[in-house]
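Residue-level structural notes
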Amino acid sequence: MQTGLRARDAARRATRELQEAGVPEPGASAEILISELLGIRRGEISLYEPPLDDEQARLYEAWIERRSNREPVQRILGRAYFRNLVLDLNEETLIPRPDTESVAGSAIEIIDRRGGGGVVLDVGTGSGAVAISIAQERPSATVHATDLSKKALEAAERNAGENSAAVHFHHADLFDGLAILEGAVDLLVSNPPYVEAGALEKLAPEVRDWDPRWALDGGPDGLLFYRRIFEEAPPLLKDGADVVLEVGDGQGESVLDLGQDAGFVPLGLREDLAGSPRTALLRWDG
Ligand code: GLN
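A brief structural summary. (Residues numbered from 1 in each chain as written. Predicted model: local features only at pLDDT ≥ 70, side-chain atom pairs only at ≥ 80, totals over all residues. Heavy atoms only, no water.)

1. Points about the overall build of the protein chain
Under the convention used in this document: Strands are runs of DSSP state E lasting at least 2 residues, helices are runs of H or I lasting at least 4, and numbering of each runs from the N terminus. C-alpha atoms define the radius of gyration, and 2.2 Å times the number of residues to the power 0.38 defines the globule rule. Relative accessibility decides the category of a residue: with a 1.4 Å probe and only protein chains considered, values under 20% of the type maximum give buried, values over 50% give exposed, and everything between is partly exposed. Should any heavy atoms of two residues lie within 4.5 Å, those residues are counted as being in contact.
Counting secondary structure elements, the protein chain contains ten helices and nine strands. For 286 residues, the compact-globule estimate of 2.2 N^0.38 gives 19 Å, and the protein chain sits close to it at 21 Å. Dimensions of the protein chain along its principal axes, counting C-alpha atoms only, are 65 × 40 × 30 Å. With 286 residues in all, the protein chain has 52% of them scored as buried. In the protein chain, of all internal contacts separated by at least 6 residues, the share reaching a separation of at least 24 is 65%.

Following this line, the structure appears as structure tokens:
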């Protein structure tokens, strides 16, 4: 029981517990969870005087127990931070990754280079992270987003509302039934499932056991959704449309090649904050 402990001591004790359970970066999890519990910033933990009351102590203990079982912090809290956004999650949304922030950043740079505005389509939006960031940071753009999961779309719609962003959501398998966007899209962006099916079991438990499988599974070679995107997107694209795709480690060149085979112009790869090629850029010249 951690009743009566100060935040700093509760977090220390929890760090040890998580470490013993083999959780990676135990201090980070313990500190994020205590600061979210108390509504303080991580840097304020050691200055925070009031001891945990019974209810806080019980809740913190339950959270640490869940984290010991490798449930990700964002699932425990039910929300994630992405660029300027706080996003609600549910069991059908992938946890938005920091890597993907740079994909949204590339899309925003392209919108600026194109002179702002335009029609943007985010395919497989999940929690809405990319679409909502674009709509919020570049309100002159008209943003559409699709997902196959109705439950994910519920979270995405709520997230758009809570972040005061206008996004048009569509329930669709990639581009299916999006006739209203025929020939209208200036910028296509997607973070599709791209993990090789055979590698799914080797993922960290936080991903393997807690992210929706279909949001990860890119088929036997991980490239299934890139092929489908290149094949199915053209009817929706304006001549000169830009395409911004998140790619997995080592997939960049293959994705550019697949695009080229399908008639797209490969423009290159952009790195994420960790320095890995994470975004493939292409153009559709009709
Ligand atoms: N980046 C995710 C991971 O780390 C994969 C997400 C995806 O398939 N788009 O597993």
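So much for the structure itself; the text now carries on.
2. Some remarks on the pattern of salt bridges
The criterion, for reference: For this analysis, a salt bridge means a side-chain nitrogen from Lys or Arg found within 4 Å of a carboxyl oxygen belonging to Asp or Glu.
Taken as a whole, this structure holds 27 salt bridges when the rule is applied. In this structure, Arg 67 and Glu 206 form a salt bridge, with 3.0 Å as the shortest nitrogen-oxygen distance. Of the two residues, Arg 67 sits in helix H3 (residues 54-68) while Glu 206 sits in helix H8 (residues 205-208), which places them 139 residues apart along the sequence. Residues Arg 67 and Glu 206 agree in their burial class; the two are buried. Across the pair Glu 201 and Arg 213 runs a salt bridge, and its minimum N-O distance is 3.2 Å. Here Glu 201 is found in the loop between strand S6 (185-190) and H8, whereas its partner Arg 213 is found in the loop between H8 and helix H9 (224-232), with twelve residues between them in sequence.

3. Some words on the pairing of strand S9 (residues 277-284)
Worth spelling out the cut-off: Strand pairing is assigned whenever DSSP detects at least two bridges linking the two strands.
For S9, a buried count of six out of eight residues is recorded, marking the element as mostly surrounded by other parts of the structure. Where strand S7 (residues 237-246) meets S9, six bridges bridge the pair, whose relative direction is antiparallel. Its bridge partner being in S9, Asp 242 is matched across the sheet by Arg 283. Bridge analysis of strand S8 (residues 265-271) against S9 gives six bridges, and the strand direction is antiparallel. In the sheet register, Arg 270 faces S9, and the bridge partner there is Thr 279. Counting the residues in the hairpin turn of S8 and S9 gives five residues, including Gly 275, whose phi is positive at 90 degrees.

4. Considerations on the sheet that holds S8
Sheet strands pair by backbone hydrogen bonding; their relative direction is either parallel or antiparallel. Spelled out, the test is: Structural elements are reduced to axes, namely lines fitted to C-alpha atoms, with helices fitted over the stretch in contact, and the angle between N-to-C directions of any two is expressed from 0 to 180 degrees.
The strand order S5-S4-S3-S6-S7-S9-S8 describes an open sheet built from seven strands, whose pairing is mixed. Two strands in the sheet have a free side with no partner beyond their single neighbour: strand S5 (167-171) and S8. Taken pair by pair, the neighbouring strands of this sheet meet at an average axis angle of 20 degrees, ignoring direction. When strand S3 (residues 119-123) meets S6, the two strands line up parallel, connected through four bridges. The partner of Asp 122 across the bridge, within S6, is Val 189. In this fold helix H7 (residues 150-162) packs onto strand S4 (142-147) and S5, with an angle of close to 170 degrees to the strand it touches most, S5. Lying over the sheet, helix H10 (residues 252-261) contacts S7, S8 and S9, oriented at roughly 160 degrees with respect to S8.

5. Remarks on the site of the ligand
In plain terms, the rule: The criterion for a residue being near a molecule or strand is simple. One of its heavy atoms has to lie within 4 Å of it. Two N or O atoms count as a polar contact when they lie within 3.5 Å, although within protein this holds only if one can serve as hydrogen donor and the other as acceptor, and sequence-adjacent residues are included solely when both atoms are side-chain atoms. Calculation of accessible area relied on Shrake-Rupley with a 1.4 Å probe; when residues are assessed, cover is drawn exclusively from the protein chains displayed. Residues are grouped as follows: Ala, Val, Leu, Ile, Met, Phe, Trp, Tyr, Cys and Pro are nonpolar; Asp, Glu, Lys and Arg are charged; all remaining types, including Gly, are polar.
In the region of the ligand, the neighbouring residues are Arg 97, Asn 191, Pro 192, Pro 193, Tyr 194, Val 195, Val 207, Ala 215 and Leu 216. For the ligand, a nitrogen atom lies 2.7 Å from a polar atom in the backbone of Pro 192. Protein burial of the ligand: of its 300 Å² of free accessible surface, 86% is covered by the chains. Residue composition of the shell around the ligand, by class: seven nonpolar, one polar and one charged.

6. Focus: the environment of Asp 53
By secondary structure assignment, the location of Asp 53 is in the loop between helix H2 (26-38) and H3. Along the backbone, Asp 53 and Arg 6 are 47 residues apart, and their C-alpha atoms lie at a distance of 9.6 Å. Among the polar contacts made by the side chain of Asp 53, one reaches the main-chain amide nitrogen of Gln 56 at a distance of 2.8 Å.

7. Some details on the side chain of Asp 272
With respect to the element layout, Asp 272 can be found in the loop between S8 and S9. Aside from chain neighbours lying at most four places away, what touches Asp 272 is Asp 99, Ser 102 and Arg 278.

8. A few points about the environment of Val 120
Tracing the backbone shows Val 120 in strand S3. Look at Val 120 and you get buried, because its relative accessible area is 1%. Sequence separation of Val 120 and Ile 134 is 14 residues, and the distance between their C-alpha atoms is 8.6 Å. Once residues lying within four places of it in the same chain are set aside, the contact partners of Val 120 are Ile 111, Ile 134, Ala 141, Thr 142, Val 143, His 144, Leu 187 and Val 189.

9. Here we look at the packing of H9 against H10
Packed helices, taken two at a time, are described by the angle between their axes plus the distance between the axes. We count it as follows: Roughly parallel covers angles under 35 degrees, roughly antiparallel covers those over 145, roughly perpendicular covers 65 to 115, and oblique covers all other angles. Each crossing gets its hand from how the near helix is turned against the far one by less than a right angle, where anticlockwise is left-handed and clockwise is right-handed.
As a packed pair, H9 and H10 sit with axes 9 Å apart at the nearest point and diverge in direction by 25 degrees. For the element pair H9 / H10, the angle class is roughly parallel. Where H9 crosses over H10, the two elements pack in a sense that is right-handed. For the pair H9 and H10, the contacting residues are Tyr 226, Arg 227 and Phe 230 in the first and Val 255, Leu 258 and Gly 259 in the second. Classifying every residue of the contact of H9 with H10 by side-chain character gives four nonpolar, one polar and one charged.

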